[in-house]
Amino acid sequence: MARFLTVQEAAESILAGRIVAFPTETVYGLGANALNLTAIERLYQIKGRPKNNPLICHLADPESVFQYGRESGMARRLARFWPGPLTVLLEHEGRIPSIVTAGSGLAGFRIPNHPIALEILRLVGKPVAAPSANLSNSRSPVTAEMVYQQIGDRIDGIVDGGRCEIGVESTVVKIMEDGIAILRPGAITAEMFEAASISVRTVSRTGSEAPESPGMQEKHYAPSIPMILIVEEGGSPGSEAVRDSAGQVRKGKSGLITFAGRIPRIEGGDFDQIYDLSPDGDLDEAAKNLFYVFGRVESDGLDEVYALPVPEMGIGRAVNDRLRRAASYRTLLKDGRITPIQID
Ligand code: TXA
Ligand code: MG
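Residue positions are counted from 1 within each chain, in the order its sequence is given. For this description, chains carry letters from A and ligands carry numbers from 1, given in the order in which they are written. In keeping with the predicted nature of the model, local features appear solely for residues at pLDDT of at least 70, side-chain atom pairs appear and are counted solely at 80 or more, and the whole-chain, interface and lining totals rest on all residues. Calculated side-chain values reflect all of the structure's heavy atoms, with hydrogen atoms and water omitted.

Asker: Can you explain the overall build of the chain? Please cite residues and give values.
Answerer: By definition, any uninterrupted DSSP run of H or I lasting at least four residues is a helix, any uninterrupted run of E lasting at least two residues is a strand, and each is numbered from the N terminus. Helix and strand content of the chain: ten helices and 19 strands. For each residue, the accessible area found with a 1.4 Å probe, counting protein chains only, is set against the maximum for its type, and the residue is called buried under 20%, exposed over 50%, and partly exposed in between. The buried share of the chain, reckoned over its 344 residues, is 55%. By definition in these notes, contact holds between two residues if any of their heavy atoms fall within 4.5 Å. Pairs at least 24 apart in sequence give 69% of the contacts found in the chain among residues at least 6 apart. We get accessible surface area from the Shrake-Rupley algorithm with a probe of 1.4 Å; when it comes to residues, only the shown protein chains can shield them. Accessible surface computed for the chain: about 14,600 Å², of which carbon and sulfur atoms make up 47%.

Shown next as C-alpha cells:
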C-alpha cells in the first residue's frame, strides 16, 4: 500500500520516476514527471485511462509554463488567474512528450493554488502530469482517504492535505481567435472571464468531429447506484445520454441530492435520505460537497438517488455539468412534483 509522504519525499519520489498523489485546491492529483515516459506509461496504466485522453502539466509559476507552452497576449491574460483552478491549452512545439498530450499540438497547463502542491512543484522543477487521482471512469477524490480507498494499493505515496477547498476539477479553456472556449466548466467561471474582458465562446457539444477534450466524453463521476436527474420543465435539458424515465413505480429506498432546501414532492412517500449540497444556497459550498456527497450516497444503502440541479450560474455550471454526467436517467419536475421512475 502507498505510504503517506512529506512534501520533500513526494518531490523526490516524482523525480525518481514514481507516482504520488497530492492535494490541490480542486481535487487530489496523481503526479508523475511529465518528461519521464516510463512514469507516464505507468500512470495511464494505474488509472486504466485510455491513451487518447491527455494529461494536464502542472508547474509552479507562469515563467515555467511559458518555457513549455507558447506565450501569447491571451495566454498572459489568462495567467492572471494562476495560481488557480484554471487549465489553459497552449501550443507546445514538442517540448511536452506526445504521450502526455495524446499526440495533440496543444498541451494543458495549470498552476494549482495549494501550498502543498506548489511546494512539490517548486521542488520538482519540471512539469508534473497530474490527472485526478481516481481510476478512469470513477469520481475525483477530494480527501486523502478517498485516494487511498480507490488506488492506495497501486501508487507509491500520498501526501495528505485534508479536504480540497473547491471540490470540482479545474476549468479547461482553449484560446480562440477572438476569445476563449470553455471545454470543462469549473471554479473560474464564464462570468469571471467576462469581467476580465475575455469573451467566452460557446463550443457545440454535438457534431461528429473528434472531441476537443476527450475526457469530457467519459461518463464518470457517477455513484454506483442509479442516479436520476430532475429536469425542470422549460429548463435546460439534461445530457443527451440520459434516458427518459420509463415507469411510474417506485421501488426501494431513494435519496435526493438537492440545494438550498428544495424538496420536490415524489409520489409514493418521502425520500429516505436528503443530501443538501448547501442548505444556505451557497454554490461554492455545493461544489465543495458534491463528490463527497456522491461517496455518502454509495455508503448509505440506497437503491437510487435523484438529483436536482443547482442554479445555472457561476460555479453552479460546473456542479450541474458533473450532475448531468453522473446521471443515467431523467425525470421531469412539474408543479413541484416529480414522477418516480422504474429502473430495471
Ligand atoms: O483540477 C484539475 O484539473 C485536476 C487537478 C489534479 O489539477 N486534474 C484533472 O485532470 O482533472 P484530469 O486528467 O482528470 O482531467 C483533465 C481534463 C480531461 O478532460 C482531458 O481530456 C483534458 O483535461 N485535457 C488535458 N490536456 C488536454 C489537451 N492537450 N487537449 C484537450 N484536452 C485536454
Ligand atoms: Mg479526471
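Asker: Outline the side chain of histidine 114, listing residues and values.
Answerer: When you line up the elements, histidine 114 lands in the loop between β6 (106–110) and α6 (115–124). Leave out the neighbours within four places in its chain, and histidine 114 touches Pro23, Thr24, Glu25 and Gly161.

Asker: Describe the sheet that holds strand β2 (residues 20–22), naming the residues involved and giving the relevant values.
Answerer: In this analysis, strands are considered paired if DSSP registers two or more bridges between them. The eleven strands are arranged β1-β8-β2-β3-β7-β4-β6-β5-β9-β10-β11 in an open sheet whose pairing can be described as mixed. Two strands close off the open sheet at either side, each with one partner strand: β1 (3–4) and β11 (200–201). Bridge count between strand β4 (residues 56–58) and β6: three bridges; the pairing is parallel. When the bridges of β6 are listed, isoleucine 56 appears paired with glycine 108.

Asker: Go over a negative patch on the surface, please, and point to the residues and values.
Answerer: Residues Asp280, Asp282, Asp284 and Glu285 make up a contiguous surface patch of negative charge. Mapped onto the secondary structure, aspartate 284 falls in helix α9 (residues 283–299). Candidates for patches are residues over 30% relative accessible area with no salt bridge; among them, like charges are joined within 9 Å and nonpolar side chains (Val, Leu, Ile, Met, Phe, Trp, Tyr) within 5 Å. Salt-bridge detection follows one rule: a side-chain nitrogen of Lys or Arg within 4 Å of a carboxyl oxygen of Asp or Glu. The charge count includes Lys and Arg as positive and Asp and Glu as negative, but it does not include His or the ends of the chains. Here the site of a charge means atom NZ of a Lys, CZ of an Arg, CG of an Asp or CD of a Glu.

Asker: Please give an account of the pairing of strand β3 (residues 29–33) that cites residues and values.
Answerer: Within β3, five of the five residues are buried, leaving the element largely enclosed by the surrounding structure. Every second residue of β3 is oriented toward a common face, with Gly29, Gly31 and Asn33 on one face and Leu30 and Ala32 on the other, all of them buried. Turn length for the β2-β3 hairpin, with the two strands adjacent in sequence and antiparallel, is six residues. The sheet contact formed by β3 and strand β7 (residues 128–129) spans two bridges and is antiparallel. From the neighbouring strand, alanine 32 faces β7, where its bridge partner is alanine 129.

Asker: Pulling in residues and values, what's your account of the environment of lysine 174?
Answerer: Residue position: lysine 174 is located in strand β9 (residues 171–176). The class for lysine 174 is partly exposed, based on a relative accessible area of 21%. Lysine 174 sits 86 residues away from valine 88 along the chain, and the two C-alpha atoms are 6.2 Å apart.

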